[in-house]
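Okay, here's what each chain looks like letter by letter:
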Amino acid sequence: PKNATSITNGGATTTFLIISDGTNSFTCSPDASGSGQCIKSKADASNPLNANLFSLDKTLQGLTDNLNVTESGGRNVGGADSRCFTIKETSGTEALACFAKGDGIMTYVENKTTGGANTKLTATKVSTKVDDSVFAPPAGWKVIDSPAR
């Protein structure tokens, strides 16, 4: 499915756009001039991270035996009622992930490692009705094909 996500670290220190048009996936970042570049790759089974980055169904399918997943209630994130799950790895890493009820779009993820590094992503707005232009790299940005794996 199509999805588009903008991730900002802090104020406007670092911004990434992750876009999937259903066929291709683009990971984009701006440069100092305000323009930027996008790395293009196939959004298919050969690249499951980009194809299904924010999908509840695909995330649950990709779980391995070294994980313990329990449902941990719900919350409203970005205007979407969401189901939340606590995910514990045998290595000690723990995460909380929330997905919008109904369409399964990831709305929140918080990752805590045993080394103390924490990452948190929170949706500020969730919508399934968006303009098609959202699923294309920004105009004027350079698109580079991802090297083959």
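Check the entry above for the structure.
Basis of the calculations
- Residues numbered from 1 in each chain as written.
- Predicted model: local features only at pLDDT ≥ 70, side-chain atom pairs only at ≥ 80, totals over all residues.
- Heavy atoms only, no water.
- Pairing = 2+ DSSP bridges.
- Helix = DSSP H or I, 4+ residues; strand = E, 2+ residues; numbered from the N terminus.
- Axes fitted to C-alpha atoms, helices over the stretch in contact; angles between N-to-C directions.
- Disulfide = S-S within 2.5 Å.
- Buried < 20%, exposed > 50% of the residue type's maximum accessible area, 1.4 Å probe, protein only.

Peer 1: Help me out: how do you make sense of the sheet that holds strand 6 (residues 80-89) in this one?
Peer 2: Each strand in a sheet pairs with another by means of backbone hydrogen bonds, the pair being arranged parallel or else antiparallel. Strand order across the open sheet formed by five strands is 5-6-7-8-9, with antiparallel pairing between neighbours. In this open sheet, the two strands that pair with only one neighbour each are strand 5 (67-77) and strand 9 (118-122). Between one strand axis and the next, the sheet turns by 15° as a mean value, whatever way the strands run. Here six bridges tie strand 7 (residues 94-100) to strand 8 (residues 106-112), and the two strands are oriented antiparallel to one another. Within strand 8, the residue paired with A95 across the bridge is N111.

Peer 1: Just checking my understanding: could you explain the state of the cysteines for this structure?
Peer 2: Working definition: the covalent bond between the sulfur atoms of two cysteines is a disulfide. If you walk through the whole model with that rule in mind, you get two disulfides. Two residues, C28 and C38, share a disulfide whose sulfurs are 2.1 Å apart. Residues C28 and C38 are joined through a disulfide that is right-handed, its torsion about the S-S bond being 110°. In this pair, C28 sits in strand 3 (residues 24-30) while C38 sits in strand 4 (residues 36-42), placing the two residues 10 residues apart along the sequence. There is a disulfide in this structure between C84 and C98, and the S-S distance comes to 2.1 Å. In this structure the cystine formed by C84 and C98 twists about its S-S bond by roughly 105°; its chirality is therefore right-handed. One end of the pair, C84, is in strand 6; the other, C98, is in strand 7, and 14 residues separate them in sequence. C98 sits in the buried class, given a relative accessible area of 0%. Across the protein chain, the way the bonded cysteines pair up, counted in sequence order, is 1-2, 3-4.

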